[in-house]
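An overview of the molecular structure
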Amino acid sequence: MKLLVTGGAGFIGSNFVRYWLKNYPMDVVVTVDALTYAGNLENLSDVSDNPQYKFVRGDICDRELIFSLVKDVDVVVHFAAESHVDRSILDPGAFVRTNVMGTQMLLDAVKEYGKRFHHISTDEVFGALSPTDPSFTETTKYDPRSPYSASKAASDHLVRAYFHTYRTAVTISNCSNNYGPYHFPEKIIPLFITNLLEGKKVPVYGDGQQVRDWIHVEDHCRGIDFILHKGRIGETYCLGGDNEITNLDLTKKLISLLGKDESFIEYVADRPGHDRRYAIDFTKARQDLEWEPLITLDEGLEKTVQWYIEHQEWVNRCKSGEYKEFYAQQYGR
Ligand code: NAD
Ligand code: TYD
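Reference entry: report on the structure contained in this document. No experiment lies behind these values; they were computed from the predicted model shown.

**Some points on the pairing of strand S1 (residues 2–6)**
Summarising burial for S1: 4 of the 5 residues are buried, a large majority. The sheet contact formed by S1 and strand S2 (residues 28–33) spans 5 bridges and is parallel. When the bridges of S2 are listed, threonine 6 appears paired with valine 32. The parallel pair S1 and S2, bridged by helix H1 (residues 11–23), forms a crossover whose chirality is right-handed. The pairing of S1 with strand S4 (residues 75–78) spans 4 bridges and is classified as parallel. Directly across from valine 5, in S4, lies its bridge partner valine 77.

Encoded structure:
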């Protein structure tokens, strides 16, 4: 099989490329990535010599490039996106361009050439839960509340519209918060690990009582594998980690793993429109695909902390240049 992986130089995409080449060494993987601030060729340095792998730098909104790449593969696995909620609050336009218009460009190409398309989406499209609400399922009504989740919701709707209108061979996965190696240090887990390693405080938004469900990126990649091999065309699958935890409790776990104390916690202004709780019910994936997450949060966090300890130069490069401008804008410092 020949796959086109969009956004393969980002966090989940690069883990997926590595996962696929390891598990399906006869397959060919082509990655297209614009290498924004979040994309980094270093994330793929260990596969760059693999003859089954090819990297193309480019934008998913570039029609000529996308049509030429899609024509030549069997399946498109679509990760490319602007992915950070805080950045979407500062600049929604970039999110609409890549997440909505870029997805539509890819859909036009897969429709033209009759290819299979798997769309990577998020549980954030379903909005926010109260502490007692049941978890999100595939039939939960969409209620996105940040510019990021609204752009992902729009892209999900387009994917389903292409299935219903043109019978394009699509599947969608809505996954909870990922963590693991090569996670750009702007999201809570890698930001807090790297800050603590640098002896800096960690900025907890608001009261820290917001709940997220964390899934190790390897479990997510295996879920996508199962959907590509066993999923039904036109269907959506929710993938989750079965690890609901408040931001504050997560922060305390990281502090303890790094041998620090709670004086490293700094409560800062809350994120505007901050969603209180996300939680995923992945019964459908368990029943139809025989998939479930295998890595516990404690095990995954320990491995992740170790990875960041061993990759401090990678972190330093991520945390230079544009990153500093973003944080100056975000926190005025
Ligand atoms: P990321 O920000 O780490 O990586 C995104 C990649 O897309 C980068 O390599 C970037 O260079 C590339 N990209 C951005 N705009 C592009 C464009 N116009 N053309 C080509 N490439 C472009 O993101 P991630 O965390 O790896 O997320 C990947 C996907 O998974 C996204 O679609 C995201 O919505 C979804 N998702 C993420 C999570 C999570 O917890 N990170 C959870 C569920 C779903
Ligand atoms: P984040 O990692 O940005 O993922 P998402 O917004 O997609 O869930 O944030 C996870 C949670 O952590 C979210 O409730 C916001 C919170 N958070 C902080 O408290 N401090 C931070 O510095 C960041 C980046 C996030």
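**Digging into helix H8 (residues 247–257)**
Asn247, Leu248, Leu250, Thr251, Leu254 and Ile255 are the residues of H8 that are buried. Looking straight down H8, one finds its buried side chains confined to an arc of 160°; they lie on one side. In this structure, the buried side of H8 is in contact with helix H6 (188–197), strand S8 (202–205), strand S9 (211–216), strand S11 (244–246), strand S12 (265–268) and helix H10 (297–310). Downstream of H8 by one or two residues, glycine 259 has phi in the positive range, about 65°.

**Considering the sheet that holds S11**
What the 3 strands build is an open sheet, ordered S7-S9-S11; its pairing is mixed. Each of the sheet's edge strands pairs with one partner strand only, and the pair in question is strand S7 (177–179) and S11. In this sheet, adjacent strand axes meet at a mean angle of 50° when their direction is disregarded. By the bridge criterion, 3 bridges tie S9 to S11 in an arrangement that is antiparallel. By the bridge assignment for S11, valine 211 is matched with threonine 246. Contacts from H8 reach S9 and S11 within the one sheet, and its direction differs from that of S11 by about 85°.

Conventions and cut-offs
- Residues numbered from 1 in each chain as written.
- Chains lettered and ligands numbered in written order.
- Predicted model: local features only at pLDDT ≥ 70, side-chain atom pairs only at ≥ 80, totals over all residues.
- Heavy atoms only, no water.
- Buried < 20%, exposed > 50% of the residue type's maximum accessible area, 1.4 Å probe, protein only.
- Helix = DSSP H or I, 4+ residues; strand = E, 2+ residues; numbered from the N terminus.
- Pairing = 2+ DSSP bridges.
- Right-handed = clockwise from strand over helix to strand, strands pointing away.
- Arc of directions from axis to C-beta.
- Contact = heavy atoms within 4.5 Å.
- Axes fitted to C-alpha atoms, helices over the stretch in contact; angles between N-to-C directions.

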